[in-house]
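Descriptive structure summary
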Amino acid sequence: MTGSRNTAVSRGPFRRLLALVLFALSALGVRASRAQSVDAEVGTQVFLEPSPVSKMTVISPRASVAATLSENWGVNAGYSADIVSGASEVIKAGPLLSAQPDIVSQASVTDQRHVINGGISATHEHTKVDLGYSYGFENDYRSNAISVSALTDFFQRNTQLGIAYSHAFDKVCDLNQPGLATTLRSALDSSEGCFSKSVRVTTDDIALDNVQASWTQSWTPVMLTQLAFTGALQHGFLGNPYREVVLGPTGQSAQENHPHDRARGAMTLRLKYYFKGPQTMVGGQVRGYGDSWDILSQSYELEVERYMMPWLRLRVHGRYYSQTGASFWSDDYTGGEPRFGARGQYWSGDRELSPLRTVMIGGRLLGSWHGQNGERLAGMVTTFSAGLSLDITKTFLDD
């Protein structure tokens, strides 16, 4: 979420969740002494948006651990966070009004989101089932999600079928404005009082259902394809409570108003081919997407990965993406139809719903070291890997 926020995080709930994570990890550590293997991963991602009007920095540290308790059972736990700082445009105006500094305003954004998760997996012959739960919290948002997935392979493990489902029941903080028409509602100005007994704010529900089905096929020892379908149903408050949109020619604005239901679907085809001589993998991906808000998109991705040394791999990739705008998107909701008019009962300041194109290039270096003859590295681990990646994305906004 974006907007002007109260940055103080309640210490009580945070300490209880931190204690829960430490307890889970310590309990996992006790069992790990009898486990066949333990995998741990620590990483950080940094996102920078060098926009002249809405600079944004997001730092996302993460840590996870997974243990194989026996031939058929495994457990995992993890923690991640998003530390956000920068500025965001909280009132969206059209081109006729955007030159007026009292119409378009920015707000400082400082927030933290924390997510803890855990799960258990069961394996029997060629089938694996995973169950998981995650809890996320920030000043103005709470999320609970459960997930289940199954994966099976046959035909000498050359064919793999998978299916997954998740359901999230979330709550978002909003300004308490009972009985007001949508054209008169104001945006939330801060997260002060959220998830408390304060009468200044209230909470809105969001239900998220996601399903995925995939077919992975190994055609030859060096060629692999995957066909995947993803679908989603969203219901509830799907806008940004902090953002307003100018609706009238004199500058009057109202809180962003999106439809409360959205159905989404996408189909993805991936292909990977490994050239043995140069020890290089070449892959490609094509994805098509559509939703009930009339957004249609397409993306194309190409990647090349090569062993530079026996222990070092280099991966470079690029992607092109384009989409149409939502049916209710407008560059200016203050004038006449079709280009500058209001689009019925909904209005949005979210640029992700506008017609746009993006181009991305990136790369990754990954090093892996293995103990010789079953020996442990530094007397602790059999395998150690570390990586560094960088992606650069350029967005072209039609509106």
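Let me begin by describing the structure that accompanies this report. Keep in mind the model is a prediction, meaning the values are calculated, not measured. What you see as residue numbers is a count from 1 along each chain, following the sequence as written. Local features are withheld for residues below a pLDDT of 70 in this predicted model, meaning they are given only at 70 or higher, and side-chain atom pairs are given and counted only at 80 or more; totals for whole chains, interfaces and linings count all residues. The basis for every side-chain value is the complete set of non-hydrogen atoms in the structure, without hydrogens or water.

1. Details of the environment of H370
Definition in use: Secondary structure elements are taken from DSSP: a helix is a run of H or I of four residues or more, a strand is a run of E of two residues or more, and numbering for both begins at the N terminus. Contacts: residue pairs with any heavy atoms within 4.5 Å of one another. For this analysis, a polar contact is any N or O atom pair within 3.5 Å, provided that within protein one partner can donate a hydrogen and the other can accept it, and provided that sequence-adjacent residues contribute only side-chain to side-chain pairs.
Considering the arrangement of structural elements, one finds H370 in strand β17 (residues 356–370). For the pair formed by H370 and T382, sequence separation is 12 residues and the distance between their alpha carbons is 5.8 Å. Beyond its immediate stretch of four places on either side in the chain, H370 contacts L377, T382 and T383. Of note is the side chain of H370, whose polar atom sits 3.3 Å from the side chain of T383.

2. Quick look at the sheet that holds strand β4 (residues 91–92)
Keep this limit in mind: A pair of strands counts as paired when DSSP detects no fewer than two bridges linking them.
Here we have three strands laid out as an open sheet, ordered β4-β11-β12, and mixed in their pairing. Two strands bound the open sheet, and with one partner strand each, they are β4 and β12 (253–255). In terms of strand pairing, strand β11 (residues 244–246) meets β12 through three bridges, oriented antiparallel. Residue pairing for β12: V246 is matched across the bridge by S253.

3. Description of the packing of aromatic side chains
Test applied: Ring geometry is summarised as follows: Phe, Tyr and Trp rings, the Trp one being its six-membered ring, pair when their centres sit within 6.5 Å, and such pairs are stacked at plane angles under 30 degrees, edge-to-face over 60 and tilted between the two. A 1.4 Å probe rolled over the protein chains alone gives each residue an accessible area, and that area as a share of the maximum for its type sets the label: buried under 20%, exposed over 50%, partly exposed in between. A ring is scored as having a charge over it whenever the NZ atom of a lysine or the CZ atom of an arginine sits within 6 Å of its centre and within 35 degrees of its normal.
Inspection of the entire model under this criterion finds eight aromatic pairs. Considering the side-chain rings of W293 and F328, the 5.3 Å spacing of their centres and the 75° angle between planes classify their relative orientation as edge-to-face. Placement of the pair is W293 in the loop between β14 (280–291) and β15 (296–309) and F328 in the loop between β16 (312–323) and β17, with a sequence separation of 35 residues. One exposure class covers both W293 and F328, and it is buried. Centroid distance W311 to W369: 5.4 Å. Interplanar angle 25°. Geometry classified as stacked. Here W311, found in the loop between β15 and β16, pairs with W369, found in strand β17; they are 58 residues apart in sequence, far enough to count as distant. Classification of W311 by relative accessible area gives partly exposed; the value is 35%. Through a chain of ring-to-ring contacts, the aromatic side chains of W293, F328 and Y346 assemble into a single cluster. Lying over the aromatic face of F195, R142 brings its terminal NZ or CZ to 4.3 Å of the ring centre. Directly above the aromatic system of F396 lies the positively charged group of K394, at a separation of 5.8 Å from the ring centroid.

4. A few points about the environment of E138
With respect to the helices and strands, E138 occurs in strand β6 (residues 127–138). The sequence separation of E138 and C194 amounts to 56 residues, and the corresponding C-alpha distance is 9.9 Å. A polar contact of 3.4 Å, which involves the side chain of E138, links it to the side chain of R113.

5. Structural notes on unusual backbone geometry
Located in the positive-phi region is E125, a residue other than glycine, with phi close to 55°. With respect to the helices, strands and loops of the structure, E125 is situated in the loop between β5 (106–124) and β6. In this structure E125 comes out as exposed when scored by relative accessible area, which is 63%. Despite not being glycine, D294 shows a phi value in the positive range, around 70°. Inspection of the secondary structure puts D294 in the loop between β14 and β15.

6. Some remarks on the state of the cysteines
As a reminder of what qualifies: To count as a disulfide, a pair of cysteine sulfur atoms needs to be within 2.5 Å.
Considering all chains together, one arrives at one disulfide under this definition. Here C173 is linked by a disulfide to C194, with a sulfur-sulfur distance of 2.1 Å. Where C173 bonds to C194 through sulfur, the torsion about that S-S bond is close to -80°, and the disulfide is left-handed. With C173 in strand β8 (residues 159–175) and C194 in the loop between β8 and β9 (201–220), this pair connects stretches of sequence that are 21 residues apart. Comparing C173 with C194 shows no difference in burial state: the two are buried.

7. Notes on the pairing of β17
Here 12 bridges tie β16 to β17, and the two strands are oriented antiparallel to one another. Looking at the pairing, Q323 lines up with L356 of β17. Looking at chain direction, β17 and strand β18 (residues 383–397) are connected through 15 bridges and run antiparallel. If you follow T358 over to β18, its bridge partner there is T395.

8. Focus on the nonpolar core
So the rule is basically this: Grouping buried Ala, Val, Leu, Ile, Met, Phe, Trp, Tyr and Cys residues that are joined through side-chain atoms within 4.5 Å yields what is termed a nonpolar core.
By size, the foremost hydrophobic cluster in this structure holds 20 residues, and its most contacted members are I206, W293, A326 and L353. Those elements that place two or more of their residues in this core are β7 (141–154), β8 and β9. The residues touching W293, leaving out its near neighbours within four places in the chain, are L238, H258, P259, D261, R262, G325, A326, S327, F328 and L353.

9. Regarding the side chain of T334
The topology assignment puts T334 in the loop between β16 and β17. On the basis of relative accessible area, T334 is assigned to the buried category, the value being 16%.

10. With respect to the pattern of salt bridges
Which entries qualify depends on this criterion: A carboxyl oxygen of Asp or Glu within 4 Å of a side-chain nitrogen of Lys or Arg is what we treat as a salt bridge.
Scanning the model with the defined rule gives 14 salt bridges in all. Among the salt bridges present, the one from D174 reaches R185, with a minimum N-O distance of 3.3 Å. Residue D174 is found in strand β8, and its partner R185 is found in the loop between β8 and β9; the two are separated by 11 residues along the sequence. Pair check on accessibility: D174 and R185 agree, each one buried. Note that R243 is salt-bridged to E256, the shortest N-O span being 2.9 Å. Here R243 is found in the loop between β10 (223–236) and β11, whereas its partner E256 is found in the loop between β12 and β13 (261–275), with 13 residues between them in sequence.

The values reported here are purely geometric and, on their own, carry no functional implication.
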